[in-house]
Amino acid sequence: MEQNAQIIIVMVVYLSILILWGIFQGRKVKSGTDYSIAGRRLPGWVAALSERATGESSWALLGLPGAAYAMGLTEIWTALGCVAGIVTAWTLLAWRLRNEAEKYNVTTFTEYIAVKHGDTGKVLKLVSSLAIVFFFFFYIGAQFLGGGKTMYTLFGLKPSAGILITALIIVPYTIYGGFRSVVYTDVIQALIMIVTLIAGPVAGLIYIWNGNGEFASGISEALVKSGSTYTSLTGSARGFGAGLLMAGGFSWFFGYLGGQPQLSMRFMAIKDTRQAKKARNVGIIWTLIAYTGALMLGWIGISIFGPAGLSDPEYVMPQVIMKLFPPVIASILITGAIAAMISTADSLLILSATEMSQHFTGKDGKVATEDREKINLGRNRVITASTAIIALALSYLSPSKLIFTIVSYVWAGIGCTFSVVILFTLFWKRYHGKAALVTIVSGILFTIFWITGGFEQDYKITSEKIEFLKEQKIISAETAGNLLSLSGEKFRNVSKLEKVIKEKLPDGSGSAVISTVSSSFVRKGVPARLATFIFALIAAVASTLLIPAGGRKTSSM
């Protein structure tokens, strides 16, 4: 009880400071431009830390360590893809997008695309906004789900209660201060996240080297004892399957190439070119440290708990931290996980709200400019609140409980599709508005088709996996015999698989056991990120060459 009390006190103090800091920054918001893009006056280091905190979300502290815990060395390909994408974005795209935003005086991501393609600008802006808002509702919901998981680990709260608490933390200052409040609270989050990703691995290595690991006394030993799939860079895959696995992990690269609006907005808000160079350096250094730390946390988790010691791999970071540190310090470091989710959730929330509000902003010339700005600010805040409510509802109703799966929809449907649009808009003069429209619509529809069709992943029950579960004492010999009757059966989605498995498990088996058994039978296909990027690329080139462009290339909108 005393331990929980200490953790609660630390969390309450931190979150109170965060909310007050966000509201304080919100007092400086005086116009729609301030609310949407912080007046385009962000210092480089602020933009970089905000972009990194927003970009990593619960992925860096829950998703990636969990994947490293579950997959071993195979997850290196995912980390390499992400790091390569981030470095490319900061090196080649950040300063260009900043200059373009200043040149065309735009305040939102879709407004920039519309201005650059004036021939179909209005339709392009509307379609782009609707697409982004639709997918981001699920992305925001994913962050709320991550908050629920962390609250469960810390306090034993039901995930549903943790989801609500996470939402209540971010909504006040996001509604009040918009983009500026979000960016400056992101700075605090990024600092806590990087401390967690440094302190956790360092303490973890010392802990297991001193022989305290319950499963192994080192990462290498832990990976070897876990089996050959953990020590191989391609898992159990060989030949074409191995190439597919590596390409799938590296495919995260494509989502970072300007196609994530919440990240590109940080580039566009940087004050000047000099500050953009500072931002590039800070962003790249932060990334290299963070991704190394995230992988290490997952592998340290194997050393401490064993490869099947946790019911949910995404719990590995909080569990490792709680094992290594006293309650007060652990709560501060685990705050990094909540910080990660808050940083992304508030950024997605304000991005979605400003994208929607631009279609409702008043432009009545009879109203004084100052009064019109006040009216627009009010509208922005109402829309932000409404967006939060819808996303919160989706987090409770979402059919998937895995952050990785939900984020895959966004990174493919939005990140990879809009990356093609941004790259061609910046580097190919022949690319026009009609082609951009075709790219967006076809890319998003293809993503939905690919994922719902089971092409990204499906499930197959095999005798080898059943034997592994029995050896790890996750299931009994009797249950293994029951499952063998299903050997060879395939399932397109996890819900149908879990329903069948539940019938074979002993009565009273918890949802955690069902989830662990079900996830063991997953088969990876071609990731939607890779497939969508290639399809959108082909659609963009074909439509540019085959469809005549309209009259104007750019407009003042």
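Look above for the structure.
The rules we used
Here the residue numbers are simple positions, counted from 1 along each chain's written sequence. In keeping with the model being predicted, local features are shown solely for residues with a pLDDT of at least 70 and side-chain atom pairs are shown and tallied solely at 80 or more, while totals for entire chains, interfaces and linings include all residues. Values reported for side chains reflect all heavy atoms of the structure, with hydrogen atoms and water molecules removed beforehand. Strands are runs of DSSP state E lasting at least 2 residues, helices are runs of H or I lasting at least 4, and numbering of each runs from the N terminus. For a helix, the expected span equals 1.5 Å multiplied by the number of residues minus one. By disulfide we mean two sulfur atoms from cysteines, separated by a distance within 2.5 Å. Buried means the residue's accessible area, taken with a 1.4 Å probe over protein chains only, is under 20% of the maximum for its type, while exposed means over 50%, and partly exposed covers the values in between. Pairs were defined over the aromatic rings of Phe, Tyr and Trp, the Trp ring being its six-membered one, requiring ring centres within 6.5 Å. Orientation was assigned from the angle between planes: stacked under 30 degrees, edge-to-face over 60, tilted for the rest. Between N-to-C directions, angles span 0 to 180 degrees; the directions come from axes that are lines fitted to C-alpha atoms, helices contributing only their stretch in contact. To sort the angles, those under 35 degrees are grouped as roughly parallel, those over 145 as roughly antiparallel, those from 65 to 115 as roughly perpendicular, and the leftovers as oblique. Two helices cross in a left-handed way if the nearer one is turned anticlockwise from the farther one by less than a right angle. They cross in a right-handed way if the turn is clockwise. Working rule for contacts: check all heavy atoms of both residues, and any pair within 4.5 Å makes them a contact. Charged residues are taken to be Asp, Glu, Lys and Arg, nonpolar residues to be Ala, Val, Leu, Ile, Met, Phe, Trp, Tyr, Cys and Pro, and polar residues to be all remaining types, Gly included. Strand pairing is assigned whenever DSSP detects at least two bridges linking the two strands.

## Focus: helix H17 (residues 433–452)
At step 1: Along its 20 residues, H17 runs 29 Å from first to last C-alpha, staying within 8% of the 28 Å computed at 1.5 Å per residue.
At step 2: One or two positions beyond H17, positive phi appears at Gly 454, with a value near 80 degrees.

## Some thoughts on the state of the cysteines
At step 1: For the coordinates displayed, the defined rule picks out 0 disulfides.
At step 2: The thiol of Cys 82 is unpaired, and the distance to the nearest cysteine sulfur, on Cys 416, comes to 11 Å.
At step 3: Classification of Cys 416 by relative accessible area gives buried; the value is 0%.

## Describing the packing of aromatic side chains
At step 1: One pass over the full model with this rule turns up 16 aromatic pairs.
At step 2: Seen in terms of ring centroids, Phe 250 and Phe 253 are 5.6 Å apart; in terms of plane orientation they differ by 15 degrees. Their pairing is stacked.
At step 3: Overall, Phe 253 belongs to the buried group, its relative accessible area being 17%.
At step 4: Aromatic pair Trp 252 and Trp 411: ring centres 5.6 Å apart, planes at 65 degrees, arrangement edge-to-face. Note that Trp 252 is positioned in the loop between helix H10 (240–250) and helix H11 (261–268) and Trp 411 in helix H16 (residues 403–427), a separation of 159 residues in sequence. Across the pair, exposure class does not vary: Trp 252 and Trp 411 are buried alike.
At step 5: Taken together through their ring pairs, the aromatic side chains of Phe 446, Phe 449, Trp 450, Phe 455 and Phe 535 make up a single cluster.

## Some words on the packing of H17 against helix H22 (residues 528–546)
At step 1: As a packed pair, H17 and H22 sit with axes 8 Å apart at the nearest point and diverge in direction by 150 degrees. In terms of axis orientation, H17 runs roughly antiparallel to H22. The hand of the H17/H22 crossing is right-handed. Between H17 and H22, the contacting residues are Ala 435, Val 438, Thr 439, Ser 442, Gly 443, Phe 446, Thr 447, Trp 450 and Ile 451 on the first element and Ala 528, Ala 531, Thr 532, Phe 535, Ala 536, Ala 539, Ala 540, Ser 543 and Thr 544 on the second.
At step 2: Here the contact of H17 with H22 is composed, by residue class, of 11 nonpolar, 7 polar and no charged.

## Regarding the sheet that holds strand S1 (residues 457–460)
At step 1: Ordered in space as S2-S1-S3, the 3 strands form an open sheet in which the pairing is antiparallel. Among the strands making up the open sheet, the edge pair consists of strand S2 (490–491) and strand S3 (522–524).

## A few points about the side chain of Ser 264
At step 1: Note on placement: Ser 264 falls in helix H11.
At step 2: Exposure remark for Ser 264: the relative accessible area of 1% places this residue in the buried category.
At step 3: Setting aside chain neighbours within four positions, we find Ser 264 in contact with Leu 97, Phe 109 and Gly 258.

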